[in-house]
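In case you want the letters, here they are:
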Amino acid sequence: MPRIQEICDMLEAFCPMHVVLDKTGHIKHAGPTLRKLMPDETVVGKRFLEVFELMRPRSVNTMAQLREVSGQRLRVRKRCAPQTILKGGLVNIETEEVPVINLSFGFSVMEGVRDYALTSADFAATDLTIEMLYLIEAKSAAMEASRKLNQRLQGAMIAAEEQAFTDTLTGLKNRRALDMILGRWLESGRPLVVAQMDLDYFKRVNDTFGHAAGDHVLQTVARILVEETREGDCVARIGGDEFVLLLSGALSDKKLAGFANRVISRIEKPIPFNADECKISTSLGFAPSATTAGLSAETLLVQADTALYDAKRRGRAQHRVYTPEMDLAVPPEKGDAPVAEQSDPPNYPGT
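Engineer: Can you walk me through the packing of helix H7 (residues 175-188) against helix H11 (residues 297-313) in this structure?
Structural biologist: Working note: a packed helix pair is described by the angle between its axes plus the distance between those axes. It is the contact of H7 with H11, at a shortest axis distance of 10 Å, that shows an interaxial angle of 110°. Taken together, the axis directions place H7 and H11 in an arrangement best described as roughly perpendicular. Contacts from Arg175, Leu182 and Leu186 in H7 reach Ala297, Leu300 and Leu301 in H11.

Listed below in C-alpha cells is the structure:
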C-alpha cells in the first residue's frame, strides 16, 4: 500500500487544493494552491478546524466528528481574510489512519482568481475551471461589446429622433414636433395660447441680399423668440418665415400684448449681415384657450392664423387676439405686403 509521502506527492499533482490531516486533526500537508490562499501564515501544523470554519455540516466541532462526515459534501470558510468560501469532500485513508480533504472554489472561482491572482498553473490539469473562466471572460467581453453597441445605437436613434423633430436651420422645433406637442397639450386639457407669426418684408431681404442673409435673419429671429419665451413654452418654425408658438397657461390680453410688443420691438431692430442691414418686422395672431377640452389642433391653428392676418390687414407690426367676429373677414393672400406696401420698410419706432 502507498505510504503517506507517496500519497502527498500524488495529491500535489492532481489535487492542488488538498489537505492531509493526522489523527488529531492537525494539517500534515497542504497543496500548493491552498498554501497560496494563505501566504502570510503556515498552515501545516495547525488544526484544520482552526484554519477553516465548517459551515456545512455545522455540527462538526471535533476531529472524531469530522471523520464521521466522510463522503459528504463539505462547505468551509477561511477564518483569515479574505474569508473565501470553499466546497470539498473528505476521504479517510484507513491504511494510514489519516483523512484527506480536497477543496475547490465552486461558484466563488471568479473571486478566488481575483483575490489570489491565480493562474492555470494553480489548478489541476483536468480541472475545467480555466476553460470556464475563458468562457466567462469571452461572454463578458461579448456583453460589453454588445452594451457599447447598444449605447451607440441608442445614441444614434436619439440623434435621429431629435433631428426628425428639429428645424435644421434654426434649431427650433419643426412642424412634426409641433403637432406632437400640441396634441399632448390638448389631451391634457391644460390652458394654452397658440400664436402664429410670420415676418414682414422678409421676401425683400432674400431678393436684395440673398438667401444667406435670409437664413441669418431667420436664425436671429429664432434666438429672439427663444429668449422671450419661457422654459415650458414651445417655439417652432413650420416653414419659410412662418413660426408657431405654444404659450402655456391662461394669459391675459395685457400679458399677450406685452409679449408681442417686446418681440416686435426686438425684431424691428436692423439685423447686421456683412456690411448690410436687414430690416424686417413681424405680426402675431393669438388664439387663447382657457380649456382645450373638445378643441382640435387644427381649430386653434386656424384661429391663430385668422388673428394673424387680421393684424396684417391693420397695418402689420402689430398683434391681434382671435375673436369669432374675425371669421367674417376674408383673409388676404399669404406672402409679403400688398403692392402699395412693397416700398422699403420704414424706420419702425419701438412699440
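Engineer: Hey, could you run me through the pattern of salt bridges in this one?
Structural biologist: Side-chain pairs of opposite charge can arise whenever the charged atoms involved come near each other. Per the counting criterion, the structure on display carries 19 salt bridges. In this structure, Arg320 and Asp310 form a salt bridge, with 2.6 Å as the shortest nitrogen-oxygen distance. A residue pair is termed long-range when its members are at least 10 positions apart, and Arg320 in strand E13 (residues 319-321) and Asp310 in helix H11 qualify at 10 residues. We classify Arg320 as partly exposed; its relative accessible area is 25%. According to the relative accessible area criterion, Asp310 is buried, its value standing at 7%. Linked through salt bridges whose partners overlap, the residues forming this network are Arg223, Glu227, Glu228, Arg262 and Arg266.

Engineer: Please clarify how the pairing of strand E12 (residues 281-289) should be interpreted in this entry.
Structural biologist: Working note: regular strand, side chains alternate between the two faces of the sheet. Among the nine residues in E12, eight count as buried, and that is most of the element. As paired strands, strand E7 (residues 192-200) and E12 are joined by nine bridges and run antiparallel to one another. Bridge pairing in E12 places Leu192 opposite Ser289. Examined bridge by bridge, E12 and E13 share three bridges and lie parallel to one another. Bridge pairing in E13 places Leu284 opposite His319.

Engineer: Teacher, can you tell me more about helix H1 (residues 4-14) here?
Structural biologist: In an α-helix, one full turn covers 3.6 residues, which means residues spaced three or four apart are oriented alike. Within H1, burial applies to Ile7, Cys8 and Leu11. End-on view of H1: buried residues confined to an arc of 100°, all on one side of the axis. Those residues of H1 hidden inside the fold are in contact with strand E1 (18-21), strand E2 (27-30), strand E5 (85-93) and strand E6 (98-104).

Engineer: So what exactly am I meant to see when it comes to empty space enclosed by the protein here?
Structural biologist: The rolling of a water-molecule-sized probe over the atoms marks out the regions of remaining empty space. Here the structure, examined in full by the defined rule, presents one cavity of 30 Å³ or more. Approximately 30 Å³ is the volume attributed to the largest cavity. Lining the largest cavity are Thr24, Gly25, Arg47, Phe48, Leu49, Met63 and Leu66. Counting residues per element, the ones that place at least two in the lining of the largest cavity are helix H3 (48-51) and helix H4 (63-68). Partitioned by chemical class, the residues of the lining of the largest cavity number four nonpolar, two polar and one charged.

Analysis parameters
- Residues numbered from 1 in each chain as written.
- Predicted model: local features only at pLDDT ≥ 70, side-chain atom pairs only at ≥ 80, totals over all residues.
- Heavy atoms only, no water.
- Axes fitted to C-alpha atoms, helices over the stretch in contact; angles between N-to-C directions.
- Helix = DSSP H or I, 4+ residues; strand = E, 2+ residues; numbered from the N terminus.
- Parallel < 35°, antiparallel > 145°, perpendicular 65-115°, else oblique.
- Contact = heavy atoms within 4.5 Å.
- Salt bridge = Lys/Arg side-chain N within 4 Å of Asp/Glu carboxyl O.
- Buried < 20%, exposed > 50% of the residue type's maximum accessible area, 1.4 Å probe, protein only.
- Pairing = 2+ DSSP bridges.
- Arc of directions from axis to C-beta.
- 1 Å grid on protein atoms, 1.4 Å probe; cavity = no way out; pocket = protein on both sides within 12 Å on 5 of 7 lines; lining within 4 Å.
- Points joined across faces, edges and corners; volume = space filled by probe spheres on them.
- Nonpolar A, V, L, I, M, F, W, Y, C, P; charged D, E, K, R; others polar.

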